[in-house]
Amino acid sequence: MHIRSNEFKARAAANLGDAKLQKGLGLIKVKAVVNRANAVAEFGDFETLREAGKQIRNRALADLDLYLERFEREAVARGAVVHWAENAAEACRIVVNIARENGVKTVAKSKSMVSEEIGLNEALIEAGIEPIETDLGEYILQINDAEPPSHIVMPVIHKTAEDVADLFHEKHGTPRKTDPAALTREAREILRPKFLSADMGVSGANFLIAETGSTLIVTNEGNGRLCTTLPRLHVAITGIEKVVPTLEDVSTLLRLLPRSATGQAITNYVSLHTGPKHIDESDGPQQFHIVLVDNGRTKLLAGEMREMLRCIRCGACMNHCPVYQAVGGHAWGWVYPGPMGNILTPSYVGLEKTVPLPNATTLCNQCGSVCPVKIPLPDLMRKLREEQMARGLKSWPERLGLALWGWAAQRPALYALGTRIAARVMKGLGGAEKLIHRLPLAAGWTDGRDFPAPAGKTFRELYREKRK
Amino acid sequence: MSARENILGRVRNALNRKASPADTAHIDAHIAAHPVGMQPPRDWEPELRFRARAEALASTVEKVSSLQAVPDAVARYLVVNKLPTSGVCWPGLRHLDWIGAGLGMEDRPARGADLVGITGCYCAVAETGTLVFLSGPDTPAATSLLPETHIAIVDTARIVPFMEDAWALVRAERGRPPRAVNFVSGPSRTADIEQTVTMGAHGPYRVHIILVG
Amino acid sequence: MRVALFVTCLADLMRPSVAFAALRLLEHGGCTVEVPQTQTCCGQPAYNSGDRATAIALARKVLDEFEGFDYVVAPSGSCGGMVRAHYPELFRDDPALLARSEGLAARTYELTDFLVNVLRLDSVPGNFSGTVTYHDSCSGLRELNIKAQPRALLAKLPGVKLAEMKEAETCCGFGGTFSLKFGAVSTQLADNKCGNACATEADAIVGGDLGCLLNIEGRLRRRGDRKTQVLHIAEVLAGQSD
């Protein structure tokens, strides 16, 4: 996917003014946020569950090599083929080769953020193979000229039913309808034959279970099951960090993930896949391939961002982020939006291409407080800001301002004088209204807000006066 | 150096570990012990809990006293809901008196045009109101997935309290999971459009559960 | 009880009345309050901007200035959070400074937390009369668990009626330099906060952090509201002076 993260500010501003988008985004607070809160309340001691989830993910990461090797051994013993891909290009090459070697013409895709990350659809199309998105949200995006998703769980959260009605009417040539149930039915009828005729199914994997060499996916629509059962080949593609030790460990995580993502106690389908089909089975793929992708994850493991690898892709952070709620996921300009995107995007594609992202947050920590595996998201964002500072990626006005402030704040007498002057100047600017409407160098503030004028004397001088 | 070696090498460096062979005793022990993690409090009776959760997730549930009573129960359900009275069933259910109940059920895996699929299940999880299916020659997956109406027959003796109990059952009875284990918790659904939940996405529109016990 | 007042750079420059109110409340509670004269800034702006070196320099200065007091009290969840939650992290590589910062962190309190949980005030001198709605600042709420304390104190004022706003815990959009760098988004969040606050028809919007209050008031006035007051909780609790 083309990286447009450096355009964050412009895209965010445009999205703030987009009334239709704002209507779609407005639903997050009343649906996703409320649904999660209800599920958490209904569970009971969700805090202890979060801690348990954190421990399970940390356990896997602490011995990631050993668990990956165990996973591979078990998976291969059960007849799966395990591939390793260092980067996006390699991962695409592997999948395209599997397709080519098996005469694959069509691929039915269940939702996979890693497949977005590596640009799989483009690679398949270039190789003359047709990818068909089957998740309703991803399907809507695909027929809309391959528009990128704006959320990792609800890909078309930015669209209204009217938008989808227009799109289906145009692309399917069917009578226009706005009822979500009717639109869903239409998609079902269009996609059903594709499931039945696809040569290969591609899925992600929410988790890899080392104990049994299995992949696990959580879905609601049934497309995940169809993609991984009907076609003669199944390819599961995911990041190396997804490995989890045991079935019991994944059960704990299954209590956290759906509640955090959609407010469900469990997703409609949970599918555990281990090896290809047996000779006496009537359904199942003849071949089961698992592609383990690095693409920057080992770099995260080695650095200060390691805790980010605990992420189980629930989307709670972006649902609760006031910035995401205001501007929507496309402003982030790549695969991963919101708080997790503030960390993953710079980490995976480079700080230079993502300068605004670690700064596009107030560090309010609404994200960290809902993260099911307790990733300290604001702390990681702050660390990226430190890296930006060290690499000279901060604008010179900001660096100068901070340097000046820091220098003066270490010199109390100078600071006292400077603040006395500033207090009087700003009081003057505020006039009788005691409000400043324009402040030089602060258009970001004063374009939309007044600045309350200060009292005119600093506390320091008033306190001194009082003590005399 | 293969991609595999490069990736594992970088992981080992990140973890400050020397090259393999590493001592895997601690991970082997954890996997062998597979301790159960945090579960919600069990302040319910499994059958009642299963039923309550399944209904909350939009399945319909009824109970009969024996397997013999199932065909009539199925017939009642299909007729009342104005659904087709023919479909497919699992091989293990072939011997039930479908014809006597006025139904035409074929013992074969479901195909695209089949509208009613009748299955048993491996077990059911009370915690979440979930049906558990194991793949195999006698349990074709398509039957619970392709038809618009899925009817599942659940032996109440196979209702277990928690998800972990289902795994334990699989280990005890089969040794290891088969190719596919599917947890099914109601009709297929999506909330992709305006976060409005609608039933009947790509899988069944409705799930009817008949408890036997 | 020797208490040092951490004035905060915003109170010093923008609203001394907040610091005087804090002083009054602490003395009302029986403390001997000192105001270290050379204090300037806790270092949070530098820290949050990624300028670790400046943050450390300012933090070291604070460690020196606030040595030897029984307690350090700040009318700010931001500054309080910086000292309690982040100073130890700043000094993670220096055992001696780490120990001192942990010592300081343990003695540092946000104002309302101190008044309720250490001084256990029974009464407050203020006489505010009217409806107020309370904005929970992010640092105070999520770093220091400031939630019940201000409400408990407001309940001690017989003339005050508390009307909770929707999304009281949602960020107002200030975020320090965020308010300048991402002004459009920041303004939208401030507008959301104003909308929620005004819907309560409260006479005053009250909070514990001047950064938030300046942001909220700034948007409120630009919206044309000259009526609703925006007050720091210390000002409400301490009443008018002079």
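Whatever comes next refers back to the structure up there.
In this text the structure is predicted, and so the values were computed from the model without any measurement.

Visitor: Describe helix H5 (residues 163-174) of chain B, naming the residues involved and giving the relevant values.
Guide: Compared with an ideal rise of 1.5 Å per residue, which puts 12 residues at 16 Å, H5(B) spans 16 Å between its outermost C-alpha atoms and is within 8% of the ideal. Looking only at H5(B), the buried set comprises B:Met163, B:Glu164, B:Ala166, B:Trp167, B:Leu169, B:Val170 and B:Arg171. Structurally, H5(B) contributes buried residues whose contacts are with helix H13 (247-262) and strand E9 (269-273) of chain A together with strand E5 (123-125), strand E6 (130-134), strand E8 (159-160) and strand E9 (180-184) of chain B. Within two residues after H5(B), B:Gly175 carries a phi angle of roughly 85°, on the positive side.

Visitor: Please give an account of the sheet that holds strand E4 (residues 108-110) of chain C that cites residues and values.
Guide: All names here are of chain C. What the four strands build is an open sheet, ordered E2-E1-E3-E4; its pairing is parallel. Unpaired on one side and paired on the other, strand E2 (32-34) and E4 mark the two borders of the sheet. For this sheet the average axis-to-axis angle between neighbouring strands, irrespective of direction, equals 30°. Helix H6 (residues 95-107) contacts strand E3 (71-74) and E4 of the sheet and is inclined by roughly 40° relative to E4.

Visitor: Tell me about the interface of chain A and chain C, and name the residues and values.
Guide: Contact with chain A, which involves 64 residues of that partner, is made by 63 residues of chain C. Taken together, chain A and chain C are joined by seven salt bridges. Two residues, A:Glu398 and C:Lys181, come together in a salt bridge whose shortest N-O distance is 2.8 Å. Across the contact surface, chain A and chain C share 27 residue pairs in polar contact (both at pLDDT 80 or more). In the side of chain A that touches chain C, the residues fall into 31 nonpolar, 14 polar and 19 charged.

Visitor: How would you sum up the interface of chain B and chain A? Please name residues and give values.
Guide: With 78 residues of chain B at the contact, the number on the chain A side is 100 residues. Roughly 7,500 Å² of surface becomes buried between chain B and chain A when both sides are summed, with 55% attributable to carbon and sulfur atoms. Connecting chain B to chain A are 16 salt bridges. In this structure, A:Lys23 and B:Glu194 form a salt bridge, with 3.9 Å as the shortest nitrogen-oxygen distance. At the boundary of chain B with chain A, the tally comes to 53 residue pairs in polar contact (both at pLDDT 80 or more). At nine residues, the largest contribution of residues to the side of chain B that touches chain A is made by helix H1 (residues 3-14) of chain B. For the side of chain B that touches chain A, a count of residues per class yields 37 nonpolar, 24 polar and 17 charged. Of the strand pairs in this sheet, E9(A) and E9(B) are connected by five bridges, and their pairing is antiparallel. What sits directly across from A:Ser271, in E9(B), is B:Asn182.

Visitor: Give a detailed account of the packing of helix H3 (residues 32-43) of chain A against H13(A), specifying residues and quantitative values.
Guide: Two numbers describe how H3(A) lies on H13(A): the axes approach to 6 Å, and their chain directions differ by 145°. Contact residues: A:Asn35, A:Arg36, A:Ala39, A:Glu42 and A:Phe43 in H3(A); A:Arg255, A:Arg259, A:Ser260 and A:Thr262 in H13(A).

Visitor: Give me the lowdown on unusual backbone geometry, citing residues and values where you can.
Guide: The general pattern is negative phi for most residues beyond glycine and trans for most peptide bonds. With phi around 55°, A:Ala146 is a residue other than glycine that occupies positive phi space. Looking at the secondary structure, you find A:Ala146 in the loop between helix H9 (136-143) and helix H10 (161-172). We classify A:Ala146 as exposed; its relative accessible area is 59%. Although it is not a glycine, B:Gln195 sits at a positive phi angle of roughly 55°.

The rules behind each value
- Residues numbered from 1 in each chain as written.
- Chains lettered and ligands numbered in written order.
- Predicted model: local features only at pLDDT ≥ 70, side-chain atom pairs only at ≥ 80, totals over all residues.
- Heavy atoms only, no water.
- Helix = DSSP H or I, 4+ residues; strand = E, 2+ residues; numbered from the N terminus.
- Expected span 1.5 Å × (residues − 1).
- Buried < 20%, exposed > 50% of the residue type's maximum accessible area, 1.4 Å probe, protein only.
- Contact = heavy atoms within 4.5 Å.
- Pairing = 2+ DSSP bridges.
- Axes fitted to C-alpha atoms, helices over the stretch in contact; angles between N-to-C directions.
- Salt bridge = Lys/Arg side-chain N within 4 Å of Asp/Glu carboxyl O.
- Polar contact = N/O pair within 3.5 Å; in protein donor to acceptor, adjacent residues only side chain to side chain.
- Nonpolar A, V, L, I, M, F, W, Y, C, P; charged D, E, K, R; others polar.
- Buried area = accessible area lost by both parts, 1.4 Å probe.

All we've got here are geometric facts, nothing functional implied.
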